[in-house]
Amino acid sequence: MACLVGLAACTTLSSADRVVRDVDYVGLYNDINGTLSDGTAFTGKAWFKRSARVGDFCLQMSDAVCSGRYAASPARRVSGDFVCSNGVTGSYETDRTRRGSFVVPVEATGSLSDGRTARATFSEVKEGRGTAQCFVPPA
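Undergrad: Whenever I open this one, the overall build of the chain confuses me. Can you help?
TA: Each helix and strand in the chain was counted, giving zero helices and nine strands. For the chain, the succession of helices and strands along the chain, N to C, is β-β-β-β-β-β-β-β-β. Per-residue burial for the chain yields a buried fraction of 43% across its 139 residues. Of the contacts formed within the chain by residues at least 6 apart in sequence, a portion of 49% connects residues at least 24 apart. When the accessible surface of the chain is split by element, carbon and sulfur atoms take 51% of a total near 7,200 Å².

What follows is the structure, encoded as structure tokens:
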């Protein structure tokens, strides 16, 4: 996410709606490492299957778990929204670079509804399976 995207509206969720659980993934994935503007560190995973139109990501930080989706397209820049277990929402923009027959994420920026901003970097693309702790918002 090389450019900041506007602030997203804040959502209020009751504690009964805040479900954090382990989610299994299989396919291509990246590790995510980042920092919020207040110094809070976060980690996560982003993954997709080769034939999918969208991928998923989950981020873990000290005060929340966040989840979102992204376009698994050949676009060099993608943006979208995410939602967190503490009721904070946000938006992101990710810059990607071409590697072989597909594009891979390099860095991202984000903006949270509580006023914080974020910067993240991605590991090289890996293939495999694993489990990520994710926020599952109410349907």
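Undergrad: Would you explain the pattern of salt bridges in this entry?
TA: Where charged atoms from two side chains of opposite charge come close, those side chains can pair. According to the stated counting rule, one finds eleven salt bridges in the structure shown. For Arg116, the salt bridge identified is with Asp38, shortest N-O distance 3.2 Å. In this pair, Arg116 sits in the loop between strand E7 (102-112) and strand E8 (117-122) while Asp38 sits in the loop between strand E1 (19-36) and strand E2 (41-48), placing the two residues 78 residues apart along the sequence. When its relative accessible area of 45% is taken as the criterion, Asp38 is described as partly exposed. The closest approach of N and O atoms between Glu93 and Arg77, which form a salt bridge, is 3.4 Å. Of this pair, Glu93 sits in strand E6 (residues 89-99) while Arg77 sits in strand E5 (residues 77-84), placing them 16 residues apart in sequence. You can call Glu93 buried: its relative accessible area is 13%.

Undergrad: Would you mind going over the nonpolar core with me for this structure?
TA: Note on soluble globular proteins: their nonpolar side chains tend to be buried together. Residues Ile32, Phe42, Phe57 and Phe82 are the most contacted members of the largest nonpolar core, which totals 21 residues. Taken together, the elements giving at least two residues each to this core come down to E1, E2, strand E3 (54-61), strand E4 (64-71), E5, E7 and E8. If we skip the residues at most four places from it in the chain, Ile32 touches Phe42, Thr43, Gly44, Lys45, Ala46, Phe57, Leu59, Ala120, Thr121 and Phe122. Core analysis: the next-biggest nonpolar cluster, separate from the first, contains seven residues, Tyr25, Trp47, Cys58 and Cys134 among them.

Undergrad: Explain the environment of Val103 here, please?
TA: When you line up the elements, Val103 lands in strand E7. Placed 31 residues apart in sequence, Val103 and Ala72 show a C-alpha to C-alpha distance of 8.9 Å. Each residue touching Val103, except ones within four places of it in the same chain, is listed here: Ser73, Pro74, Ala75, Arg76, Arg96, Thr97 and Arg98.

Undergrad: Hey, could you run me through the packing of aromatic side chains in this one?
TA: Going through the model one piece at a time under the given rule, you end up with four aromatic pairs. Here Tyr25 and Trp47 contribute two aromatic rings whose centre-to-centre distance is 5.0 Å and whose plane-to-plane angle is 25°, an arrangement assigned as stacked. Residue Tyr25 is found in strand E1, and its partner Trp47 is found in strand E2; the two are separated by 22 residues along the sequence. Assigned by exposure class, Tyr25 and Trp47 land together as buried.

Undergrad: Which parts of the structure should I look at to understand the pairing of E3?
TA: Each regular strand carries side chains that alternate between the two faces of the sheet. Note that E2 and E3 share six bridges and pair antiparallel. Across the sheet, the residue bridging to Trp47 is Asp56, located in E3. Counting the residues between successive antiparallel strands, the hairpin from E2 to E3 contains five residues. Both E3 and E4 contribute to a ladder of eight bridges, which runs antiparallel. From the neighbouring strand, Asp56 faces E4, where its bridge partner is Arg69. Following E3, the chain reverses through two residues before pairing antiparallel with E4.

What counts as what
In this numbering scheme, every chain counts its residues from 1 along its sequence in written order. Restriction of local features to residues with pLDDT of at least 70 applies here, the model being predicted, together with a cutoff of 80 or more for giving and counting side-chain atom pairs; totals for whole chains, interfaces and linings are based on all residues. Side-chain metrics rest on all non-hydrogen atoms present in the structure, leaving aside hydrogens and water. Comment: elements are numbered from the N terminus, with helices defined as DSSP H or I runs of at least four residues and strands as E runs of at least two. Only protein chains enter the area calculation, which uses a 1.4 Å probe; residues under 20% of their type maximum are buried, those over 50% are exposed, and those in between are partly exposed. What makes two residues a contact is simply this: any of their non-hydrogen atoms within 4.5 Å. Each accessible area value is a Shrake-Rupley result obtained with a 1.4 Å probe; residue values ignore everything except the protein chains displayed when judging cover. Salt bridges are counted wherever a side-chain nitrogen of Lys or Arg sits within 4 Å of a carboxyl oxygen of Asp or Glu. Side-chain atoms within 4.5 Å link the members of a nonpolar core, which is a set of buried Ala, Val, Leu, Ile, Met, Phe, Trp, Tyr and Cys residues. Pairing of aromatic rings covers Phe, Tyr and Trp, the last counted by its six-membered ring, and requires centre-to-centre distances within 6.5 Å; plane angles under 30 degrees mean stacked, over 60 mean edge-to-face, and any other angle means tilted. Here, a strand pair is defined by DSSP locating no fewer than two bridges between the strands.

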